[in-house]
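# Remarks on the overall topology
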Amino acid sequence: MTETTRPADRPAEPDRPAEQPAGQAPAPAVGEGPGEFPGGPALFRLDPGVAHLNHGSFGAVPLPVQEAQAALRAEVHADPDAFFIAVPDRLERARSRIAAHLAADPDGLAFIANATEGANLALDAVPLADGDEILVTDHGYGTVTAAAARRAPVTTVALDPALPDEDAVRETVLAALTPRTRVAVLDHVSSPTARIIASPRLLAELRERGVTTVVDGAHAPGMLADPLAGGADFWFGNLHKWGYAPSGTALLAVAPQHRHRVRALVPSWEDGHGFPRSVENRATADYTGWLAAPEGLDLIETLDAAKLRAHNSALAAHGAALLARIPGLTPLPHTAGLAMRTLRLPPGIAETPDDARALREEIAARERIRVLIWPWPGGGGIRICGQIYNRPEEYERLAAVLPAYLRRA
């Protein structure tokens, strides 16, 4: 059974939302939300029966990018020798196109498969001695945090999801530093709570303290106008989320003073060239996603990047406003301009990873709505995203069915 297929023997529907409870103040009015982005839904081949409100987890590839990748695959099948012999130089040209979009140095940028690979490459390039520690936060992506823990003892900073602003986040991180902290691994935009953690000011203050900064920018390219702001020592980010690239397309950016220490996780025939070519070469692999990746960022510019980002942010804000009317849901502080918003669920809901996963999949199977449910002690959270294929009524659909799932706690 696929995630988008409603089972024929589906269980009985949960109770649907009741009327506004007696004595409760009426919820504030919510506007209609932004109109359809011109041509936006037609750019994707998504199942129209599913409300795809979780773009931040896996992204979606627009048709023009799919077609570009298909043409590249046809090249491979037509003449494999010619294709693979030319791959290193073609990757360099594709990387230069992407660097222009990101205001990055193409010599300090490499294609990688995903953020977890970037974390491992970065941490391998940082000299660590006995007794050195790595600082992480409890908002970090699990496999990235695991990569840090493999290399040195970690100090985990507890960031209350309700911290009011970037200054509060910055102060909490800085207060957790110890004389042994050598590296800080921080989310650029936190995945569960959709807020900026690695702000330029925090990165600057860590640099002043001699701490090497490793930034997980998984959600930055395509959603942020300046994803490399702050000048981290190491930064990695996915293009297959908000950058409209094929799956398995990400970037590693390395400051000049560290590049000579970056070594590919597996040796290749390009090792002699050093970073970035040594990291990009995977022998007889599928490079078509990387070569098609610039088409995604080109498309964003063609659609008007500022307009697209404003639209997606407004959609996420509209959805969050609708969900905030549901008793028991608490909106969390957010960073303006992001296309993701989060709310805390009531106590007893999604407090463990297993419970969060079960609730997410139940909503998907029974309602055909895709959201992220993240676990947290004392009540997990729900994250929604806005993308140009979404419509305001999809968030209304979620707001109509969600109360029934919350009343079961």
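Residues numbered from 1 in each chain as written. Predicted model: local features only at pLDDT ≥ 70, side-chain atom pairs only at ≥ 80, totals over all residues. Heavy atoms only, no water.

## Re the overall build of the chain
The cut-off we apply is this: Only runs of H or I of at least four residues qualify as helices and only runs of E of at least two qualify as strands under DSSP, and these elements are numbered from the N terminus. Computation of the radius of gyration draws on C-alpha atoms, with the globule rule given as 2.2 Å multiplied by the number of residues to the power 0.38. Any pair of residues with heavy atoms lying within 4.5 Å of one another is described as a contacting pair. Only the protein chains shown count as cover for residues, and all accessible areas are computed by the Shrake-Rupley method using a 1.4 Å probe. Charge assignment: positive for Lys and Arg, negative for Asp and Glu; neither His nor the chain ends contribute. Charge placement uses NZ in Lys and CZ in Arg. For Asp and Glu, CG and CD serve respectively.
Of regular secondary structure, the chain possesses twelve helices and 13 strands. Its C-alpha atoms give the chain a radius of gyration of 22 Å, near enough to 22 Å, the size a compact globule of 409 residues would have. Residue pairs in contact within the chain that sit at least 24 positions apart in sequence constitute 70% of those at least 6 positions apart. For the chain, the accessible area works out to roughly 17,500 Å², and carbon and sulfur atoms hold 54% of it. The average position of the 39 basic charges and that of the 50 acidic charges among the side chains of the chain differ by 2 Å.

## Some details on the sheet that holds strand β2 (residues 109-112)
In a beta sheet, neighbouring strands pair by backbone hydrogen bonds and run either parallel or antiparallel. Short version of the rule: At least two DSSP bridges between two strands are needed for those strands to be called paired. Axis angles are defined between N-to-C directions and span 0 to 180 degrees, where every axis is a line fitted to C-alpha atoms and, for a helix, only to the segment in contact.
Spatially, β2-β8-β7-β6-β5-β3-β4 is the arrangement adopted by the seven strands of the open sheet, whose pairing is mixed. Looking at which strands have only one partner, the edges of the open sheet turn out to be β2 and β4 (154-157). For this sheet the average axis-to-axis angle between neighbouring strands, irrespective of direction, equals 20°. Sheet analysis places β2 next to strand β8 (residues 250-254), joined by four bridges and oriented antiparallel. For A110, the partnering residue across the bridge sits in β8 and is L252.

## So, unusual backbone geometry
Condition: Here the term buried applies to any residue with accessible area under 20% of the maximum for its type, exposed to any over 50%, and partly exposed to those in between, with areas from a 1.4 Å probe on protein chains only.
Geometrically, the link from F275 to P276 is a cis peptide bond, its omega value of 10° lying close to zero. The backbone of Y244 sits at a positive phi, close to 65°, despite the residue not being glycine. By the secondary structure assignment, Y244 is in the loop between β7 (234-238) and β8. Residue Y244 is classed as buried on the basis of its relative accessible area, which comes to 0%. The phi dihedral of D304 falls on the positive side, at around 85°, and the residue is not glycine. Note that D304 resides in the loop between α9 (288-303) and α10 (305-324). Of the residues examined, D304 reaches a relative accessible area of 37% and is grouped as partly exposed.

## Observations concerning the environment of T145
Note on placement: T145 falls in helix α5 (residues 142-149). In this structure T145 comes out as partly exposed when scored by relative accessible area, which is 22%. Separated by 29 residues in sequence, T145 and T116 have C-alpha atoms that sit 9.2 Å apart. Aside from chain neighbours lying at most four places away, what touches T145 is V136, T137 and G140.

## Thoughts on helix α6 (residues 166-175)
Since the α-helix packs 3.6 residues into each turn, any two residues three or four apart lie on the same face. Keep this limit in mind: Polar contact is the term for a pair of N or O atoms within 3.5 Å; when the atoms are in protein, one must be able to donate a hydrogen and the other to accept it, and sequence-neighboring residues count only if both atoms are side-chain atoms.
Within the sequence span of α6, burial applies to A168, V169, R170, V173 and L174. Two or three places before D167, at the opening of α6, D165 has a side-chain oxygen 3.2 Å from that residue's backbone nitrogen.

## Section: the nonpolar core
Stated formally: Buried residues of nine kinds, namely Ala, Val, Leu, Ile, Met, Phe, Trp, Tyr and Cys, make up a nonpolar core once their side-chain atoms join them within 4.5 Å.
In terms of nonpolar packing, the biggest core is built from 68 residues, with I98 and L186 touching the most fellow members. The greatest single-element share of this core, amounting to eight residues, is contributed by α9. Beyond its immediate stretch of four places on either side in the chain, I98 contacts L109, F111, L239, L251, A293, P294 and L297.

## Quick look at helix α7 (residues 200-208)
Spelled out, the test is: It is the directions from the helix axis to the C-beta atoms whose arc is reported.
Burial in α7 covers these residues: L202, L203, E205 and L206. Considered in projection along α7, the buried side chains sweep an arc of 165° and stay on one side of the axis. Those residues of α7 that are buried lie in contact with α6, β5 (181-187) and β6 (212-216). One or two steps after α7, the chain reaches G210, where phi turns positive at roughly 80°.

## Focus on the pairing of strand β3 (residues 133-137)
The test is simple: Look down the strands so they point away from you; if the path from the first strand over the helix to the second goes clockwise, the crossover is right-handed.
Within β3, five of the five residues are buried, which leaves the element mostly enclosed by the surrounding structure. Of the two faces of β3, both are covered, the one formed by E133, L135 and T137 as well as the one formed by I134 and V136. Relative to β5, β3 runs parallel, the two being bridged by three bridges. For E133, the partnering residue across the bridge sits in β5 and is T181. Note that β3 and β4 share four bridges and pair parallel. Across the sheet, I134 pairs through a bridge with V154, a residue of β4. Once the chain exits β3 it traverses α5 before rejoining the sheet at β4, and the crossover so formed is right-handed.

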